[in-house]
Amino acid sequence: MTEPRPSYTDTPTEVEMIVSAQPRPTGHPGYSETLPGLEESAEAARKLVRIALAAWHLDSLIDSGVLIVTELVANAVKHTNSRSIRIVVSRPSRQFVRIGVVDTARVLPEMTKPGVDLLTSGRGLLLIDALADRWGTDMHPWGKQVWGELLCEAS
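None of the values given here were measured: they were computed from a predicted structure. (Residues numbered from 1 in each chain as written. Predicted model: local features only at pLDDT ≥ 70, side-chain atom pairs only at ≥ 80, totals over all residues. Heavy atoms only, no water.)

Asks: Explain the overall build of the protein chain to me, please; I cannot follow it from the model alone.
Replies: Secondary structure assignment for the protein chain yields 3 helices and 6 strands. When the helices and strands of the protein chain are listed from N to C terminus, the series reads β-β-α-α-β-β-α-β-β. Burial statistics for the protein chain: of 155 residues in total, 41% are counted as buried. Contacts in the protein chain between residues far apart in sequence, at least 24 positions, make up 63% of those at least 6 positions apart. Here the protein chain displays about 9,000 Å² of accessible surface, and carbon together with sulfur accounts for 55% of that area. (Helix = DSSP H or I, 4+ residues; strand = E, 2+ residues; numbered from the N terminus. Buried < 20%, exposed > 50% of the residue type's maximum accessible area, 1.4 Å probe, protein only. Contact = heavy atoms within 4.5 Å. Areas by Shrake-Rupley, 256 points an atom, 1.4 Å probe, with all protein chains shown as cover.)

Asks: So what exactly am I meant to see when it comes to helix H1 (residues 41-55) here?
Replies: Each α-helix winds once per 3.6 residues, and so residues spaced three or four apart point in a common direction. Between its terminal C-alpha atoms H1 stretches 21 Å, which fits the 21 Å expected from 15 residues at 1.5 Å a residue. All of the buried residues in H1 are Ser41, Ala42, Ala44, Ala45, Arg46, Leu48, Val49, Ala52 and Leu53. Residues of H1 that are buried sit in contact with strand E2 (30-36), helix H2 (62-79), strand E3 (84-90) and strand E4 (96-103). Positioned one or two residues after H1, His57 has a phi angle of 60°, which is positive. (Expected span 1.5 Å × (residues − 1).)

Asks: Just to check I follow, could you spell out unusual backbone geometry for this structure?
Replies: Glycine aside, residues mostly have negative phi, and peptide bonds are mostly found in the trans state. For His57, which is not glycine, the phi dihedral falls at a positive 60°. By the element assignment, His57 lies in the loop between H1 and H2.

In structure tokens:
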């Protein structure tokens with residue numbers, strides 16, 4: 001039997017932020033955080049992106065990074081039944097910052113086609129496509145990670 005998804009009222013008003021950092025081959029730590037699969041988690045995700053990009057002295061990428069993670073969180077919450085999501089901010093190479101959201105759904109995201117009513121919904125992947133230098137989905141046996149990468153100066 002599946003437990004019902006938590007609702008906004010099931011969570012405290014403040015989310016305690018526990019961030020893990022892992023060394024990477026490029027010498028930059030990766031930042032990640034597991035959050036409830038709720039819309040309210042977007043604010044904690046934005047904070048994590050701001051912290052990581054500021055730590056790497058990539059302030060010029062903060063606005064785009066925040067928008068990307070906001071849309072990724074919204075898609076994971078809206079289109080999956082994941083009780084929790086994982087936000088990952090990493091440097092896969094010296095040239096790129098990767099911002100990803102991991103969920104437990106094994107369904108690939110679909111980009112809305114132009115012409116569909118985009119006034120109320122369906123803009124998430126279009127925004128990610130416009131903001132990110134590249135984006136994609138990594139499938140795993142337990143779910144997937146949808147990510148966007150931003151080009152940065154080598155440090």
